[in-house]
Amino acid sequence: MPRLKSVPAVDLDEFVEKVIGLYPAKVAKKRRKHIIVREPSEEQQIEANVRTVPGIITQRGCCYAGCKGVVIGPIGDMVHITHGPIGCGFYSWLTRRNFFRPRENGHNFLTYCFSTDMQEEDIIFGGEKKLRTAVEEAYKILKPKAISIHATCPVGLIGDDIQTVAREMSAKLGISVLAFNCEGYKGVTQSAGHHIANNNLFKQVVGRDDVPQDGFTVNILGEYNIGGDAWEIERVFDKCGIKALSTFSGNGSIDEMRMSHMADLNLVMCHRSINYMADMMEKRFGIPWIKVNFIGIKAMAKSLRKIAKFLDQPAFSDRVEKVIAEEIAEAEAGINPYRERLKGKTAALFVGGSRAHHYQDLFRDLGMEPSIAGHEFAHRDDYEGRKVLPTLTVDADSRNIEELHIEPDPERYRPRKDNEALEGLKAEGVVDSYDGMWPDMGSGTLAIDDISHIEMEMLIKRLKPDIVCSGIKDKYVIEKFGVPSKQLHNYDYSGPYAGFRGAVNFAREIDMMINNPAWKLLKAPWETGPTLTAELGKK
Amino acid sequence: MTRKEAKPPYVSTTNACKLCKPLGACLAFRGIEGTVPFLHGAQGCATYMRRYIISHFREPMDIASSSLGEKQAIYGGGPNLKQGLKNVMDKYGAKIIGIATTCLTETIGDDVPMILNEFRQEMAKQRGKKKELPLLVSVSTPSYSGTHIEGFHAAVKAVVDQLAINAGFIESINLLPGFLSPVDIRYIKGILEDFALSGIILPDISETLDAPARRDYEKIPVGGTPISDIRVMGGAKSTLEFGRTLFHKDTPGKLIAKRFMVPLHQIGSPIGLRESDRFFAILEELTGRKSPKKYLYERGRLIDAYVDGHKYVFGKKAIVYGEEDLVVGITAFLAEIGIRPVLCASGGQSGRFREAIEEVTASLLPAPPIIHEGMDFYEIAEEAEGCAPDMIIGNSKGYPLARRRQVPLIRVGFPIHDRFGGQRILHIGYRGAQNLLDRIVNALIEKSQEASPVGYSYM
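**Student:** What exactly am I supposed to notice about the overall build of chain B here?
**Tutor:** Assigned secondary structure in chain B consists of 17 helices and 14 strands. The globule rule puts the C-alpha radius of gyration for 459 residues at 23 Å, and the 23 Å found for chain B is close to it. Its C-alpha atoms give chain B principal-axis dimensions of roughly 75 × 55 × 45 Å. When burial is assessed residue by residue, chain B has 58% of its 459 residues classed as buried.

**Student:** Sorry if this is basic, but what is going on with the overall build of chain A here?
**Tutor:** Along the backbone of chain A there are 21 helices and 14 strands. Against the compact-globule benchmark of 24 Å for 539 residues, chain A has a radius of gyration of 24 Å, which places it among compact chains. Every one of the 539 residues in chain A was classed for burial, and the buried ones make up 55%. Contacts spanning at least 24 positions in sequence make up 75% of the contacts within chain A whose residues lie at least 6 apart.

**Student:** Would you mind going over the sheet that holds strand S4 (residues 96-101) of chain B with me for this structure?
**Tutor:** Strands in a sheet are paired, the pairing made by backbone hydrogen bonds, and the direction either parallel or antiparallel. Residue and element names in this part refer to chain B. In spatial order, the strands read S3-S2-S4-S5; together these four strands make up an open sheet with parallel pairing. Strands with a single pairing partner mark the edges of an open sheet, and in this sheet they are strand S3 (64-65) and strand S5 (135-139). Across six bridges, the pairing between strand S2 (residues 35-40) and S4 is parallel. Within S4, the residue paired with proline 37 across the bridge is glycine 98. Where helix H6 (residues 112-127) meets the sheet, its contacts fall on S2, S4 and S5, and the angle it forms with S5 comes to roughly 165 degrees.

**Student:** What is the right way to look at the interface of chain A and chain B in this model?
**Tutor:** As a measure of interface size, the accessible area lost when the parts come together is often cited. Contacts between the two partners involve 65 residues from chain A and, on the opposite side, 62 residues from chain B. Taken together, the residues of the side of chain A that touches chain B break down into 34 nonpolar, 17 polar and 14 charged. Pairing of strand S3 (residues 114-115) of chain A with strand S1 (residues 13-14) of chain B involves two bridges; the strand directions are antiparallel. In the strand pairing of S1 of chain B, phenylalanine 114 of chain A is matched with threonine 14 of chain B.

**Student:** For this particular structure, what's the right way to read unusual backbone geometry?
**Tutor:** Glycine aside, a negative phi is what most residues show, and trans is what most peptide bonds show. The step from phenylalanine 248 of chain A to serine 249 of chain A runs through a cis peptide bond, and the omega angle for that step is -5 degrees. Position of serine 249 of chain A among the secondary structure elements: in strand S7 (residues 243-249). A cis geometry characterises the amide bond from glycine 495 of chain A onward to proline 496 of chain A, with omega recorded as -5 degrees. Tracing the backbone shows proline 496 of chain A in the loop between strand S14 (485-487) and helix H21 (499-514). The residue methionine 261 of chain B is not glycine, and still its phi comes out positive at about 60 degrees.

**Student:** Looking at this structure, how should I read the domain arrangement of chain A?
**Tutor:** Residue and element names in this part refer to chain A. Domain boundaries assigned for chain A yield domain 1 (63-184) and domain 2 (217-337 + 384-427). The C-alpha centroid of domain 2 is placed 28 Å from the C-alpha centroid of domain 1. If you look at the interface, domain 1 gives 17 residues, while domain 2 gives 13 residues. Counting residues per element, the side of domain 1 that touches domain 2 draws most heavily on helix H3 (residues 63-72), which supplies three residues.

**Student:** Mind showing me how you'd approach the sheet that holds strand S5 (residues 176-180) of chain A here?
**Tutor:** Across the sheet, five strands lie side by side as S5(A)-S4(A)-S2(A)-S3(A)-S1(B); this open sheet has mixed pairing. Of all strands in the sheet, those bounded by a partner on one side alone are S5 of chain A together with S1 of chain B. By the bridge criterion, five bridges tie strand S4 (residues 146-151) of chain A to S5 of chain A in an arrangement that is parallel. When the sheet's bridge partners are listed, histidine 150 of chain A is paired in S5 of chain A with phenylalanine 180 of chain A. Across the sheet, helix H8 (residues 162-173) of chain A lies against strand S2 (79-83), S4 and S5 of chain A, angled at about 175 degrees from S5 of chain A, the strand it touches most.

**Student:** Can you help me understand helix H13 (residues 324-337) of chain B in this one?
**Tutor:** Turn by turn, an α-helix covers 3.6 residues, leaving residues three or four places apart pointing in a common direction. Residues and elements named next belong to chain B. Compared with an ideal rise of 1.5 Å per residue, which puts 14 residues at 20 Å, H13 spans 20 Å between its outermost C-alpha atoms and is within 8% of the ideal. Across the 14 residues that make up H13, a large majority, 13, are buried. Positive phi appears at glycine 338, one or two residues downstream of H13, with a value of about 95 degrees.

**Student:** Honestly, the domain arrangement of chain B in this entry has me stumped. Any pointers?
**Tutor:** Residue and element names in this part refer to chain B. Each assigned domain of chain B is listed here: domain 1 (21-267) and domain 2 (313-451). On the domain 2 side, the residues contacting the 22 residues of domain 1 number 25 residues. Counting residues per element, the ones that place at least two in the side of domain 1 that touches domain 2 are helix H2 (43-57) and helix H8 (182-194). The greatest single-element share of the side of domain 1 that touches domain 2, amounting to five residues, is contributed by H8. When grouped by side-chain class, the residues that make up the side of domain 1 that touches domain 2 number 11 nonpolar, eight polar and three charged.

**Student:** Help me out: how do you make sense of the confidence of the model for chain B in this one?
**Tutor:** Predicted coordinates in areas of low pLDDT are best not read in detail. On average, chain B scores 96 in pLDDT, and the residues at 70 or more come to 98%. Scored by ipTM, the complex comes to 0.96, with pTM at 0.96.

**Student:** I'm lost on the nonpolar core in this one. Help?
**Tutor:** One recurring pattern in soluble globular proteins is that nonpolar side chains are buried together. With 297 residues, the main nonpolar core has Ile149, Phe180 and Met277 of chain A together with Met49, Ala155 and Ile380 of chain B as its most contacted residues. Aside from chain neighbours lying at most four places away, what touches methionine 277 of chain A is Asn198, Leu201, Phe202, Leu221 and Phe248 of chain A.

**Student:** Got a minute to help me understand the confidence of the model for chain A in this structure?
**Tutor:** Chain-level pLDDT for chain A is 95 on average; 98% of the residues reach the 70-or-more range. Residue range residues 534-539 of chain A is modelled with pLDDT below 50. Its contacts to residues more than four positions away, or to other chains, number nine contacts.

**Student:** Before we go on, may I ask you to explain the packing of helix H7 (residues 148-163) of chain B against helix H10 (residues 252-260) of chain B in this structure?
**Tutor:** For any two helices packed against each other, the geometry comes down to the angle between their axes and how far apart the axes lie. Residues and elements named next belong to chain B. For the pair H7 and H10, interaxial distance at closest approach is 8 Å and the crossing angle is 25 degrees. Between H7 and H10, the crossing angle belongs to the class labelled roughly parallel. Here H7 contributes His153, Val156, Lys157, Val160 and Asp161 to the contact with H10, which in turn contributes Pro252, Leu255 and Ile256. Looking at the contact of H7 with H10, its residues break down into five nonpolar, one polar and two charged.

**Student:** What's the story with the pairing of strand S11 (residues 369-374) of chain A in this structure? I'm lost.
**Tutor:** Residues in a regular strand project their side chains so that they alternate between the two faces of the sheet. Residues and elements named next belong to chain A. The element S11 is largely enclosed, with a buried count of six among its six residues. Relative to S11, strand S10 (residues 346-350) runs parallel, the two sharing four bridges. Residue pairing across strands places alanine 348 opposite isoleucine 372, the latter belonging to S11. Following the chain from S10 across helix H15 (residues 355-365) to the adjacent parallel S11, one finds a crossover that is right-handed. In this structure, S11 lies alongside strand S12 (residues 446-448), joined through two bridges in parallel fashion. Across the sheet, the residue bridging to alanine 373 is alanine 447, located in S12.

**Student:** Looking at this structure, how should I read the environment of glycine 385 of chain A?
**Tutor:** All names here are of chain A. Residue placement: glycine 385 occurs in the loop between helix H16 (380-384) and helix H17 (396-399). Put simply, glycine 385 and alanine 171 are 214 residues apart on the chain and 43 Å apart in space, counted from C-alpha to C-alpha. Glycine 385 has contacts with Tyr434, Asp435, Gly436 and Trp438, leaving out every residue within four places of it along the chain.

**Student:** Just checking my understanding: could you explain the environment of leucine 12 of chain A for this structure?
**Tutor:** Residue and element names in this part refer to chain A. Mapped onto the fold, leucine 12 is located in helix H1 (residues 12-20). According to the C-beta neighbour criterion, leucine 12 is buried, with 23 such atoms within 10 Å. Each C-alpha atom, one on leucine 12 and one on threonine 445, is 8.5 Å from the other, the two residues being 433 residues apart in sequence. Discounting residues that sit within four places of it in the chain, leucine 12 has contacts with Pro2, Arg3, Leu4, Val37, Gly444 and Leu446.

About the criteria used
Residues numbered from 1 in each chain as written. Chains lettered and ligands numbered in written order. Predicted model: local features only at pLDDT ≥ 70, side-chain atom pairs only at ≥ 80, totals over all residues. Helix = DSSP H or I, 4+ residues; strand = E, 2+ residues; numbered from the N terminus. Rg over C-alpha atoms; globule rule 2.2 N^0.38 Å. Buried ≥ 20, exposed ≤ 12 C-beta atoms within 10 Å, placed from the backbone. Contact = placed C-beta atoms within 7 Å. Pairing = 2+ DSSP bridges. Axes fitted to C-alpha atoms, helices over the stretch in contact; angles between N-to-C directions. Nonpolar A, V, L, I, M, F, W, Y, C, P; charged D, E, K, R; others polar. Domains from an automatic or database assignment. Expected span 1.5 Å × (residues − 1). pLDDT = per-residue confidence, 0-100. Core = buried A, V, L, I, M, F, W, Y, C linked by C-beta atoms within 7 Å. Parallel < 35°, antiparallel > 145°, perpendicular 65-115°, else oblique. Right-handed = clockwise from strand over helix to strand, strands pointing away.

Shown next as structure tokens:
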């Protein structure tokens, strides 16, 4: 009988039956496959990346959100134009808190929100003309080196040809104009938008500028610089002598992405949103990739060691070890005051397509138990590892997103390691490998994919986590249950949480939330029961 | 200053000063008892609007979605809508489901009222007529026409249109406040109570979007306009509707007047002393009572503060932007305290913005401000170049402008996501004017204090 350490009274198998009992038989049968009580000795398969049930209040976003909001939006020296009515552009205007540091030309366009603001006549007569004007106006105002165009739902429906507009405007203005057909109704979640963004960046940006690089250079893929995460990673990299040539796409620069194919190695943070890029860059340019996790002290150290192992130079490895020792000592001293108060507390993580995995390491650093987790828009490989990729079936939703066929570039393909060394690294799981969340979810932990509101409610009531990590949409629901909720999308307007110093920030904030004295004040001293039950206020 | 008529010539929108239409509808639905707002479209709309509304209110804001995909975009969203409604019915216990359309479903032309009729019939067959369905209210909100404010009023109108009847005369008035803050609505409720006037306030977000901590969680927040009240609005003795830019429109108030012969009083949002006076004058008229002493004191204290604060604010120049009726109200208030509104801008395009501002500033301003509908923040910033404002008044989206011009931003309206307590900003009535005045005076004092090389503490 699997049980969580924190609530030994609850049999998890029984709990799962109760959860799916919330649904009518047909839905219950489907939902059952999304919930796994972990037993590492078995090959466990989880259902993921399937369409949301209408009317179930979901955490998930749309294709546009994944493309413009997540992958392309953070590129700071580019102007991003939303082609559509005003909402989509407005809602994705800086809301993810990706930071950007301008490069030499001083360009930082992240604070701008460009939209064609389509009106009824554009829907009827077509919006291409307005889009052309919008591109011209944006160019006139800001003189960017590149502009992106993002389609919202009506654009695809009325048949605006944004690719042609992009080509024409690119020729006319002499800058790069990228068009993304990321209409919100495409695919299952924002994950579809990630893929579309990856494809276009790869086709039109990567490999366009052959600038030879000195030293050991890497690209950081799938790091979005929320709350300044990328800068903490950079700080540590500088100490180690690792040069980040480009980041996709937090603090990302289009110029740097254009030369990213010159790097020695790709580091993949968010596997879900960027694995396509890593894979395509390897096939065309010969850059191997390593799955890293910079969230958590031990995870950061482990990731640095993986990089050292790849480079395989004793001097570099020594330098990395020195940095690790120094940084760990500092971070441990920073975390120690909180550890006693957090020890043994349970965290539930329901967020994103990678974060619910990444933050487990950090919670373990704090002595907590991240024993309940699930993604919002992940695929099976994010849970079970890339070994399942060949077995994933193509369905109506995935078929509509282009799968690029990549051949080695005749001039630019350059093996970064000799074949034998590379095969060795692959065999050890250092290179080109991601085992997903499963290896970190031990016996008697619980995974729930795409959790719904009503499931969350039962989970909080019965499994009583001490903190639930989620996003802004669930945060205040969870807190109405009296359980603190940490936003792992926008970090509750805080951060950085990555790297060694980020871990200390995180520890301080988790302690602050779990041990917030306000939770104890709910009952007024003259009340025998809770002051305000939901019954009060009802007629 | 000369009045500029020409609006800047941009076709695209850069840094919009408006949000989209279905968002406004969801906000209005959230102010009705037992209602789950439901967006018929791709799921991203619900997600984006939820996250945006939540960042202002810091409260749960659940919006269901029919989650249309590519297939439904081609073949129609009816089946998804029906399935979604069923789930919201069964899982959330909604008393009303407020269904708003999105660009997707408007563009493909889903006939929502028809789908809802089918759904009602199917449900009656499946579940028997005895089992009561939640009320289904639908509103058409394509975001390619109008802003969140049009969406808000459209939803209120749809609710009235589809639910209100005349079940006999009631000793109540209907009060249609428009989009105000939760604390504004709470204040209005208090005022009506003090007048011993029973009022049906639609919508009422005072509890649903600023809820107390409770021991138990409710899937649908407690509060909102009671459905039983909405039902009988047709029998009310009169309707009071706020918003000068609505005077020429087909408003929910006009619908009630036309259909049920309920007399309608349209006044401006009661922001500032004179607009509040108009509100109280109507309450006196409707009740035949004098304003309670408490409000005379509030009014008296406000005038006292106008005098005390005059030296700090007189002759200062302000840019005001945001939702049209909010801007009209704030401008009315500024004019009476001696601040010169130099630019009044809104992303909305009611067609009555200018007229409304002229009405409330007539005889008070030496020169009318520049007034523009359909503006974005890029255009506001360009216009600001010639205005030399001392302060900027509006939502958080004006922060970059305030920063560039190094003048204080007085935050009012929605969205406010760079300060705490946006849901508790009091704008209306004498107390609201007092609050605005205190904040403006203090912002100006703070600025001059910080600019001092010495740093005097006695200002």
